[in-house]
Amino acid sequence: MTDQVFTKKLYFKTLITLILFNSCGNFGQSQENLGKTPNFIIIFADDLGYGDLGTYGHPTIKTPYLDQMATEGQKWTNFYVGASVCTPSRAALLTGRLPVRSGMASDVKRVLFPNSKFGLPTSEITLAEQLKKVGYSTACIGKWHLGHKEEYLPTNNGFDYYFGIPYSNDMDFVGNRDEYREANGNLPTENFNVPLMRNTEIIERPADQNTITKRYTQETIAYIKKNKDNPFLIYLAHNLPHIPLFASKDFLGKSKRGIYGDVVAEIDHGVGQIIATLKEEGLDKNTIVVFTSDNGPWLSYGINGGSAGLLKAGKGMTWEGGMREPCIFWSPSNIAPAVVSELGTTMDLFTTFSALAGVPMPKDRVMDGYDLSVALFKNGPSPRNGVFYYRGTQLYAARLGGYKAHYITQGSYGQFGDKVVHNTPLLYNLNEDPSENFDIGAKHPEILADIDRLVKKHQSNLVKGKDQLADVE
Ligand code: MG
């Protein structure tokens, strides 16, 4: 049961699309080459901002492979995450549900920590569990951050294989906090006693973060080669460019953008190697690769944080910079190359990939995703017309079509001010004003009323899950 807020509108949109296709022929591409069980690779960067890729306008960060992926595929410009910080954003992507429903959002703690007691409830269905129903091989490579205890690890959440760190790369800090602040977080890898795990075993501690991006790429390539004869899902969740920043010696000191640019260039290089492997193995036609990020840039770290480009604010906030992300879909001969300004979210990946693999959606819970197939394969409209912006378990803002209303605004990490509840919500026309500079709330009560109806409908079936983040040991 997806939020059927604009069923009627959607019906007519779909009808018009179908008529157009029937009368004009197939002017997009199709997913026929994908077969019944396409492979899926989700590459998820950490704290990479909307403005941090060459193809999204960064003047000095070089990302030739992602730029090429965007040229050959689709670059989405209105693509969102389910939360503006790591844990709830990851829960949203993997469950296809707003984290407030699963309890993976909290008003006590924003993310999980090494002393957290709980994690993703076993009652949640992850995308990996969903695809396993039709025989996929599944790997999680990189940062998990949905519970570090064995029962919450990827291997107990539908993934056959796990290689990565169980929480953020700045945790388990050993050292001097003043030094940390002075270095804008960039202390040596030994200062972060983060474990590196293979399946349920710790194989290295502290994880050598200088080489971690390279090793995630190598693990991904090995998994592709090993599983080339059966369908697979690879969830490659890089733990960078989340601060502290590390790059291997081939990339260190090479970017004009400094260490942040080095890190992004190394991730980009890995993307190029993964795409090359798919081509070599003849898997490029029946694989979909999607690249996006879990939340906006961590601006309070100054020069070491990324950039949201022309969007306001960053990580931790419900301004656009916190939750709108770069997103590139790639599948040559299936996905019609385009720049897409339709609405999409990471939660739609669950729904879209389930549809492509022929797995029925769960019927016993509210799902928050939409099937983006018409947009991806036919250059048609996205069925999504709204976005909800949560901070913890509270709805702070909502978008309907091109308009966004802020009911509450609040800064994060000491920036962008205190919490303000807006009696007349702030209203922005994001198509005309993506930077959210010109509030038109007072002039357009009728638009605010429309958004209010969307919110009320959404809240009418909202059951908040038990907080999984608050309890520590
Ligand atoms: Mg993050």
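Structure first, text after, so check above.
Here is a short report on the structure shown in this document. Not measured: the values here are computed from a predicted model.

What counts, and at which threshold
- Residues numbered from 1 in each chain as written.
- Predicted model: local features only at pLDDT ≥ 70, side-chain atom pairs only at ≥ 80, totals over all residues.
- Heavy atoms only, no water.
- Helix = DSSP H or I, 4+ residues; strand = E, 2+ residues; numbered from the N terminus.
- Expected span 1.5 Å × (residues − 1).
- Buried < 20%, exposed > 50% of the residue type's maximum accessible area, 1.4 Å probe, protein only.
- Arc of directions from axis to C-beta.
- Pairing = 2+ DSSP bridges.
- Axes fitted to C-alpha atoms, helices over the stretch in contact; angles between N-to-C directions.
- Contact = heavy atoms within 4.5 Å.
- Phe/Tyr/Trp six-rings, centres within 6.5 Å; stacked < 30°, edge-to-face > 60°.
- Donors = N, O, S within 2.8 Å, 3.2 Å for Na, K, Ca; no water.
- Parallel < 35°, antiparallel > 145°, perpendicular 65-115°, else oblique.
- Nonpolar A, V, L, I, M, F, W, Y, C, P; charged D, E, K, R; others polar.
- Polar contact = N/O pair within 3.5 Å; in protein donor to acceptor, adjacent residues only side chain to side chain.
- Core = buried A, V, L, I, M, F, W, Y, C linked by side-chain atoms within 4.5 Å.
- Salt bridge = Lys/Arg side-chain N within 4 Å of Asp/Glu carboxyl O.

Here we come to helix α12 (residues 445–460). For α12, built from 16 residues, the straight-helix expectation of 22 Å at 1.5 Å per residue is met to within 8% by its first-to-last C-alpha distance of 22 Å. Considered for burial, the residues of α12 that qualify are I447, L448, I451, L454, V455 and H458. Buried residues along α12 cover an arc of 120 degrees about the axis, so they all sit on one side. In α12, those exposed residues whose orientation departs by more than 90 degrees from the buried face are P445, R453, K456 and S460.

The next thing to look at is the sheet that holds strand β14 (residues 403–409). The antiparallel open sheet is built from four strands, whose spatial order is β12-β13-β14-β15. The open sheet terminates on both sides in strands that have one partner only, identified here as β12 (386–391) and β15 (420–429). In this sheet, neighbouring strand axes are inclined to one another by 20 degrees on average, regardless of whether the strands run parallel or antiparallel. Two elements, β12 and strand β13 (residues 394–400), share six bridges in a ladder whose sense is antiparallel. Paired with G386 across the two strands is L400, which belongs to β13. Taken strand by strand, α12 contacts β12, β13, β14 and β15, and its axis lies near 125 degrees from that of β13.

A few words now on the packing of aromatic side chains. Enumeration according to the criterion identifies 19 aromatic pairs in this entry. Geometrically, the ring pair formed by F40 and Y136 is stacked, given 5.9 Å between the ring centres and 10 degrees between the ring planes. You can see F40 sitting in strand β1 (residues 39–45) and its partner Y136 sitting in the loop between α5 (127–132) and β3 (137–142), a full 96 residues away along the chain. Relative to F159, the ring of W144 has its centre 6.0 Å away and its plane inclined at 85 degrees; by these criteria the two rings are edge-to-face. Note that W144 is positioned in the loop between β3 and β4 (161–164) and F159 in the loop between β3 and β4, a separation of 15 residues in sequence. As far as burial versus exposure is concerned, W144 and F159 are alike and both buried.

Here the focus is the coordination of the magnesium ion. Around the magnesium ion, the protein contributes the donor atoms D46 (OD), D47 (OD), C86 (SG), D294 (OD), D294 (OD) and N295 (OD1), at 2.1 to 2.7 Å from the metal centre. Along the chain, the residues donating to the magnesium ion are arranged with the sequence spacing D-D-x38-C-x207-D-N. Note that D46 is positioned in the loop between β1 and α2 (64–72) and D294 in the loop between β8 (287–293) and α9 (320–323), a separation of 248 residues in sequence. For D46, a relative accessible area of 0% gives the class buried. D294 sits in the buried class, given a relative accessible area of 0%.

Close contact between α2 and helix α8 (residues 259–280) brings their axes to 7 Å; oriented N to C, the two are set at 50 degrees. One finds that α2 runs oblique with respect to α8. Residue-level contacts link P64, Y65, L66, M69 and E72 of α2 to D268, H269, V271, G272, I275 and K279 of α8. Partitioned by chemical class, the residues of the contact of α2 with α8 number six nonpolar, two polar and three charged.

The next thing to look at is the pairing of strand β2 (residues 74–80). Across the seven residues of β2, seven count as buried, placing the element largely inside the fold. Judged from the five bridges that link them, β2 and strand β9 (residues 324–330) form a sheet pairing that is antiparallel. Paired with Q74 across the bridge in β9 is F329. Of the pairings in the sheet, the one linking β2 to strand β10 (residues 338–340) comprises three bridges and is parallel in character. Within β10, the residue paired with K75 across the bridge is V339.

Along the polypeptide, S116 turns up in the loop between α4 (99–102) and α5. Within the structure, the side chain of S116 is placed 2.7 Å from the backbone nitrogen of F113, a separation counted as a polar contact. In contact with S116, not counting residues within four places along its chain, are H148, K149, L469, D471 and V472.

Time to look at the nonpolar core. Ranked by size, the top nonpolar core spans 60 residues in total, and within it I41, M69 and F291 carry the most contacts. Top element by residues in this core is α8. It accounts for nine residues. The contact partners of F291, leaving out residues within four places of it in the chain, are I43, A45, L48, L53, L66, M69, I267, V271, P326, C327 and I328. Residues L93, M197, Y235 and A237 belong to the second largest nonpolar core, which totals 45 residues.

This paragraph deals with the pattern of salt bridges. A full pass over the atoms with the stated rule returns 20 salt bridges. Its salt-bridge partner being D47, residue K315 comes within 2.8 Å of it at the nearest N-O pair. Here D47 lies in the loop between β1 and α2 and K315 lies in the loop between β8 and α9, a separation of 268 residues in the sequence. When its relative accessible area of 4% is taken as the criterion, K315 is described as buried. Linking R181 and D178 is a salt bridge whose minimum nitrogen-to-oxygen distance equals 2.9 Å. Placement of the pair is R181 and D178 together in helix α6 (residues 177–182), with a separation of three residues, close to one helical turn. The partly exposed category is assigned to D178, whose relative accessible area is 46%. Each of D46, R90, K143 and D294 takes part in salt bridges that share partners, so that together they form one network.

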